[in-house]
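Take a look at the letters that make up each chain.
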Amino acid sequence: MIGDNHDLKLNWKKMKNGDIPAVEKILRNAEKDYVSACGKYLMRNVSNDPVWLLCDKKENIYALIINSRSTLIPVLKGINELASLKFLKGFLRIKKIHSVQGLKEEVIVLENTLKQIGWKTSETIDYDLMSLDKKPDNKIKISNANPLNLILRVPKMTDLDALSPLQAAYEKEEVLPKGSVFSPAASRVNIANIVAGGKILAALYNGKLVGKINVSAVSFTRYLVGGVYVHPDFRGMGIARKMAYEFINELINEREGRGVTLFVKKNNIAAKKLYTGLGFITHGDYRIAYY
């Protein structure tokens, strides 16, 4: 066990400015497995979202836990057991945490630790963590669509009324845990922010907006792709594959040379087949635990 009173005398502390180079070196070195953690780290509110470091007396960092809004993301670097985290008890008295997410084995470690201080999960969802670092395979098959009636384009703010129902359906189907209350207003803000960021592609069939795909986070050298959704009435036509290929191909070919990562639910066989067909390789297990 590694924890507050271990023989190595490791202790948890809040990250300070002087720790940033070492923390970012750790994240960059393991970025492919921790793309979501890197993205959350870079997107966090520095004033309100602390990063906790497990250090020895020489300030060597053995693990970290990132707080981003109402989410905790562990980066445990192989540590498989933690002592009861005293700092978390005080932290959770003043801040509500809705989820823990990251590599499955590390989320389980933090789940077990939180259970020791009275926190129990309401639901857990497991995913395959998939990555691509080369141009995706171009084997597009579109059965009922053709270039005349399928158009792919970057949506604008004027498309929000058409995009919002797709985003709402995506969140209900793929994001929200069971029993959650859906907020139409929050969902519209989410898609508006995505459109404003510019990393999104929409599919129009016969002039109707029927699908979307977007970047959900940006890491140091990788994109995390998410928000992939096609209206149920237009599935099975190859639209998702065409949309994913064009979008991911554009990301891969950017001058920065970024890779692409995504995670897909274990039971979503169709999506896993789509991404494998594009060349994605599964290299880990990802979990989101809801509280």
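We now turn to the structure provided with this report.

Scoring rules and cut-offs
- Residues numbered from 1 in each chain as written.
- Predicted model: local features only at pLDDT ≥ 70, side-chain atom pairs only at ≥ 80, totals over all residues.
- Heavy atoms only, no water.
- Helix = DSSP H or I, 4+ residues; strand = E, 2+ residues; numbered from the N terminus.
- Rg over C-alpha atoms; globule rule 2.2 N^0.38 Å.
- Buried < 20%, exposed > 50% of the residue type's maximum accessible area, 1.4 Å probe, protein only.
- Contact = heavy atoms within 4.5 Å.
- Core = buried A, V, L, I, M, F, W, Y, C linked by side-chain atoms within 4.5 Å.
- Expected span 1.5 Å × (residues − 1).
- Arc of directions from axis to C-beta.
- Salt bridge = Lys/Arg side-chain N within 4 Å of Asp/Glu carboxyl O.
- Axes fitted to C-alpha atoms, helices over the stretch in contact; angles between N-to-C directions.
- Left-handed = near helix turned anticlockwise from the far one by under 90°.
- Nonpolar A, V, L, I, M, F, W, Y, C, P; charged D, E, K, R; others polar.
- Phe/Tyr/Trp six-rings, centres within 6.5 Å; stacked < 30°, edge-to-face > 60°.
- Lys NZ or Arg CZ within 6 Å of the ring centre and 35° of its normal.
- Pairing = 2+ DSSP bridges.

**Description of the overall build of the chain**
Of the regular secondary structure elements, the chain holds 8 helices and 12 strands. In terms of overall dimensions, the chain is globule-like: its C-alpha atoms have a radius of gyration of 20 Å, near the 19 Å expected for 291 residues. In terms of its C-alpha atoms, the chain occupies a principal-axis envelope of roughly 70 × 40 × 35 Å. Taken over 291 residues, the chain has a buried fraction of 52%. Sequence separation of at least 24 residues holds for 73% of the intrachain contacts in the chain that already meet a minimum separation of 6.

**Digging into the nonpolar core**
A general feature of soluble globular proteins is that nonpolar side chains tend to end up buried together. The biggest cluster of nonpolar side chains holds 30 residues, and the ones touching the most others in it are Ile239, Ile248, Tyr275, Leu278 and Phe280. Those elements that provide at least two residues to this core are β6 (123-132), β8 (200-205), β9 (208-218), β10 (222-230), α7 (239-252), β11 (259-265) and α8 (269-278). The element contributing the most residues to this core is α7, with 8 residues. Contacts of phenylalanine 280, omitting those with residues within four sequence positions, involve Met130, Ser131, Leu132, Ile248, Val260, Leu262 and Tyr275.

**Some points on helix α5 (residues 160-175)**
For α5, with 16 residues, the first-to-last C-alpha span of 20 Å runs short of the 22 Å given by 1.5 Å per residue. Those residues of α5 lying buried are Leu160, Leu163, Ser164, Leu166, Gln167, Ala168, Tyr170, Glu171 and Glu174.

**With respect to helix α1 (residues 20-29)**
Regarding α1, the residues found buried are Val23, Ile26 and Leu27. End-on view of α1: buried residues confined to an arc of 95°, all on one side of the axis. For α1, the exposed residues set more than 90 degrees away from the buried face come down to Pro21, Lys25 and Asn29. Turning to α1, the residues buried within the fold contact α2 (35-43), β2 (51-55), β3 (61-68) and β4 (71-75).

**Details of the pattern of salt bridges**
One pass over the full model with this rule turns up 17 salt bridges. Measuring nitrogen to oxygen at the nearest pair gives 2.9 Å for the salt bridge that ties lysine 32 to aspartate 133. Highlighted residues: lysine 32 in the loop between α1 and α2 and aspartate 133 in the loop between β6 and β7 (150-153), separated in sequence by 101 residues. In this structure, glutamate 254 engages lysine 199 in a salt bridge whose closest nitrogen and oxygen atoms are separated by 2.5 Å. Placement of the pair is glutamate 254 in the loop between α7 and β11 and lysine 199 in the loop between α6 (184-197) and β8, with a sequence separation of 55 residues. Linked by salt bridges that have partners in common, Lys104, Glu111, Asp126 and Arg287 make up one network.

**Focus on the packing of α5 against α6**
Interaxial distance between α5 and α6 falls to 9 Å at its minimum, and their mutual angle equals 115°. The handedness of the crossing between α5 and α6 is right-handed. Residues Leu160, Asp161, Leu163, Ser164, Gln167, Ala168 and Glu171 of α5 lie in contact with α6, whose contacting residues are Ser187, Arg188, Asn190, Ile191, Ala192, Ile194 and Val195. Of the residues that constitute the contact of α5 with α6, the class distribution is 7 nonpolar, 4 polar and 3 charged.

**Focus on the packing of aromatic side chains**
Scanning the model with the defined rule gives 7 aromatic pairs in all. Pairing tyrosine 205 with phenylalanine 234 gives two aromatic rings, centres 5.7 Å apart and planes at 65°, and the pair type is edge-to-face. Pair noted here: tyrosine 205 is in strand β8 and phenylalanine 234 is in the loop between β10 and α7, with a separation of 29 residues, a long-range link. Each member of the pair tyrosine 205 and phenylalanine 234 is classed as buried. A network of ring pairs unites the aromatic residues Tyr127, Phe263 and Tyr286 as a single cluster. Over the ring of tyrosine 41 we find arginine 44, and its NZ or CZ is 4.2 Å from the ring centre. Arginine 258 extends its terminal NZ or CZ atom over the ring of tyrosine 223, reaching a point 5.2 Å from the ring centre.

**A closer look at the sheet that holds β7**
Through backbone hydrogen bonds, the strands of a sheet pair up, either in parallel or in antiparallel fashion. Spatial strand order, β1-β2-β3-β4-β5-β12-β6-β11-β10-β9-β8-β7: 12 strands in an open sheet with mixed pairing. What marks the edges here is a single partner per strand, and that holds for β1 (11-14) and β7. Averaged over all pairs of adjacent strands, the angle between their axes in this sheet comes to 25°, without regard to strand direction. Relative to β3, β2 is paired through 5 bridges, and the arrangement is antiparallel. Each bridged residue has a counterpart across the sheet, and for cysteine 55 the counterpart in β3 is isoleucine 61.

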